[in-house]
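For reference, the chains in residue letters:
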Amino acid sequence: MSDEVVFTPKHSVGNHNISKTHPLAELTKLLLGLGAVLLVCFFCLGIVTDYLVERHYDSLYSLFKKSPNLFVSSMKLQLEPPSSLDSIRVKSVFDKLVSSSQLKDRDYQVYVANSAEFNAYAFPGGHIVVLSGLLNAIESDQELAFVLGHEIAHQENKDSFRALGRSLALLTISAFLSGSDSTASGMFAEISNFANSRYSQAQEQAADELGLELLRGAYPNTSGAIEFLERAESRELGFEKYILRRSHPLTKDRIKNVRKLIQQQKSY
Amino acid sequence: MEYLSFLFLFVVGYVVGSISERNHYSSIEERESSFLNLETTNGKKFSSQKAIRKSEFVSGSAVMSLDYFKRILASLKAIFGGNISAYETLVDRARREATLRLKEQAADADLIANLRIETSIIGGTADQRKTIGSIEALAYATAIWYER
């Protein structure tokens, strides 16, 4: 029995150790698969968001109520302390507005934030923030009352939640799991880009309407509303009209609408 | 701006990578044909009838790196699973190149016995991802010359 092993040279044909698929074909397949997965996630997020706002508004509200800083810092703003002159002024106008209306039981909080911008925000959780830029530009408490009334209306109509869009689902999950003042939630708040969110024309109109009503309930006349809107319009530079359109309808239209509402009220 | 540099690396990686891979394979196949008659085995037993003149330890190693295109493809695959064809050619080429370099060491030997191949991962990658970047294949064996 020989332990001689016979050696036969073999020329291998082809390469059996590699796959036959072309790398570009494989890449296309993978990208399409990934795209499909992302589409499904996008769709599901939309459903979850609608469900949350419709059915679980109260839980959402209390989840975000404790953290006014969440959205404020996501926009790189800082709140003034409640003892500052601005904060006291805003609080007194707010109290006057709310106490003479059916909203006196609401627990909305008002704050002032330092910024040269002429703006005010209504954040999820009942937080209303007026920027010092706006406070310094207006000339009467009635104008301030209209602004506050407008933001209160957004809170009442749950607009701030809808404006977040699909980010709401992510933000809620994060706030629920790690608390609304965690770094993770802060990150999600930045992603949701509240600064650029847009309220619809209908939402803005409803806010102006309710704002006007609140103003009328607390002050002798509603001229503050028109004064404020005209001031806002005069501040708009040519091109800004169209940039600001992102977050508000054309101010000219708002003035027209409010004038119409005032006329309607006068005829009652 | 980041996307532009990504796209650039991606395209360059694909083009240059495919060309160099094709060239490398032609070189490998050519050299393998020239070594066709060199008996190679991973067994430890060899003929007891022939007297051995000398025996030497021989080795060859090769380091191959993934191009950017393959790296992205592999990371996409990492999400969905399945065989990663990008790594397959990498490992295949590295091993065959290492074996060829080993054979070049003892081109006139009568037998290459006890051939072993070991593969290991080397180094970081172009964009700091935690995927493999380079592979080193080491082939080592005993080269035997029989008495004439």
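In this text the structure is predicted, and so the values were computed from the model without any measurement.

Participant: An account of the interface of chain A and chain B is requested, with residue identities and associated values reported.
Facilitator: When the parts of a complex come together, some accessible area is lost, and that lost area is often used as the size of the interface. Counting from both sides, the interface comprises 22 residues of chain A and, opposite them, 24 residues of chain B. Here chain A meets chain B over a buried area of about 2000 Å², counting both sides, of which 63% is carbon and sulfur. Between chain A and chain B we count 1 salt bridge in total. For E26 of chain A, the salt bridge identified is with K77 of chain B, shortest N-O distance 2.7 Å. Between the two partners, chain A and chain B, sit 5 residue pairs in polar contact (both at pLDDT 80 or more). Of the residues contributing to the side of chain A that touches chain B, the split by class is 11 nonpolar, 7 polar and 4 charged.

Participant: Summarise the environment of K76 of chain A; cite the residues concerned and give the values.
Facilitator: Residue and element names in this part refer to chain A. Tracing the backbone shows K76 in the loop between α3 (69–74) and α4 (85–99). Here K76 falls in the exposed class, since its relative accessible area comes to 65%. Put simply, K76 and S115 are 39 residues apart on the chain and 9.6 Å apart in space, counted from C-alpha to C-alpha.

Participant: Any chance you could break down unusual backbone geometry for me, citing the residues and the numbers?
Facilitator: What you tend to see is this: most non-glycine residues have negative phi, and most peptide bonds are trans. Positioned with a positive phi, K158 of chain A is a non-glycine residue whose angle comes to about 60°. Along the chain, K158 of chain A falls in the loop between α6 (141–156) and α7 (159–164). Owing to a relative accessible area of 27%, K158 of chain A belongs among the partly exposed residues under this scheme. We note that N114 of chain B has phi near 55°; this positive angle belongs to a residue other than glycine. Of note, N114 of chain B is situated in strand β3 (residues 111–122).

Participant: If you had to explain the confidence of the model for chain B to someone new, which residues and values would you point to?
Facilitator: Residues and elements named next belong to chain B. When the pLDDT values of chain B are averaged, the result is 87; 93% of them are 70 or greater. Ranking the elements of chain B by mean pLDDT puts helix α2 (residues 68–80) last with 83 and strand β4 (residues 134–146) first with 94. With a pTM of 0.57, the predicted complex shows an ipTM of 0.72.

Participant: Before we move on, could you go through the sheet that holds β4 of chain B and cite the residues and values that matter?
Facilitator: The strands making up a sheet are joined through hydrogen bonds of the backbone, oriented either antiparallel or parallel. Residues and elements named next belong to chain B. With respect to topology, 4 strands assemble into an open sheet ordered β1-β3-β4-β2, the strand pairing being mixed. Looking at the sheet topology across the chains shown, the edges are occupied by β1 (39–40) and β2 (52–65). Direction of pairing for β2 relative to β4: antiparallel, over a ladder of 13 bridges. Bridging across to β4, G60 finds its partner in A139. Against the sheet, helix α3 (residues 85–105) makes contact with β1, β2, β3 and β4, and its axis sits at roughly 150° relative to β2, the strand it touches most.

Participant: So what's going on with the environment of I226 of chain A? Residues and values would help.
Facilitator: Residue and element names in this part refer to chain A. Along the polypeptide, I226 turns up in helix α11 (residues 223–235). Note on I226: relative accessible area 10%, which makes it buried. With sequence-adjacent residues up to four places away left out, I226 is seen in contact with I255, V258, R259 and I262.

Participant: Account for α2 of chain B, naming residues and giving values.
Facilitator: Residues spaced three or four apart along an α-helix face the same direction, because each turn holds 3.6 residues. For α2 of chain B, which comprises 13 residues, the first-to-last C-alpha distance of 19 Å matches the rise-based estimate of 18 Å (1.5 Å per residue) to within 8%. In terms of residue burial, α2 of chain B counts as a mostly covered element, since 10 of its 13 residues are buried. Of all the positions in α2 of chain B, only Y68, F69, K70, R71, I72, L73, A74, S75, L76 and K77 of chain B are classed as buried. Each element contacted by the buried residues of α2 of chain B is listed here: α1 (23–55) of chain A together with α1 (2–34), β2 and α3 of chain B. At the N-terminal boundary of α2 of chain B, the capping side chain belongs to D67 of chain B, with an oxygen 3.2 Å from the backbone nitrogen of F69 of chain B. Phi for G81 of chain B, located one or two positions after α2 of chain B, is positive at around 85°.

Participant: I'd like a rundown of the nonpolar core, residues and numbers included.
Facilitator: Ranked by size, the top nonpolar core spans 63 residues in total, and within it F64, V90, F94, L97, L148, I152 and F228 of chain A carry the most contacts. Sorting elements by how many residues they give to this core places α6 of chain A first, with 7 residues. Judged by nonpolar contacts, the second largest core, of 26 residues, contains V58, A86, I112 and A141 of chain B.

Participant: Residue-level account of α11 of chain A, with values.
Facilitator: If you check α11 of chain A, its first and last C-alpha atoms are 19 Å apart, about what 13 residues at 1.5 Å a residue would give, namely 18 Å. For α11 of chain A, the full list of buried residues reads G224, A225, I226, F228, L229, R231 and A232 of chain A.

Participant: I'd love a proper account of the packing of helix α10 (residues 201–218) of chain A against helix α13 (residues 251–266) of chain A, names of residues and values included.
Facilitator: All names here are of chain A. Running from amino to carboxyl end, α10 crosses α13 at an angle of 45°, the nearest separation of the two axes being 10 Å. One element, α10, and the other, α13, form an angle in the oblique class. Here the hand of the crossing between α10 and α13 comes out right-handed. Here E204, Q205, D208, E209, L212 and R216 of α10 lie close against α13, whose contacting residues are R254, N257, V258, L261, I262 and Q265.

Scoring rules and cut-offs
Residues numbered from 1 in each chain as written. Chains lettered and ligands numbered in written order. Predicted model: local features only at pLDDT ≥ 70, side-chain atom pairs only at ≥ 80, totals over all residues. Heavy atoms only, no water. Contact = heavy atoms within 4.5 Å. Buried area = accessible area lost by both parts, 1.4 Å probe. Salt bridge = Lys/Arg side-chain N within 4 Å of Asp/Glu carboxyl O. Polar contact = N/O pair within 3.5 Å; in protein donor to acceptor, adjacent residues only side chain to side chain. Nonpolar A, V, L, I, M, F, W, Y, C, P; charged D, E, K, R; others polar. Helix = DSSP H or I, 4+ residues; strand = E, 2+ residues; numbered from the N terminus. Buried < 20%, exposed > 50% of the residue type's maximum accessible area, 1.4 Å probe, protein only. pLDDT = per-residue confidence, 0-100. Pairing = 2+ DSSP bridges. Axes fitted to C-alpha atoms, helices over the stretch in contact; angles between N-to-C directions. Expected span 1.5 Å × (residues − 1). Core = buried A, V, L, I, M, F, W, Y, C linked by side-chain atoms within 4.5 Å. Parallel < 35°, antiparallel > 145°, perpendicular 65-115°, else oblique. Left-handed = near helix turned anticlockwise from the far one by under 90°.

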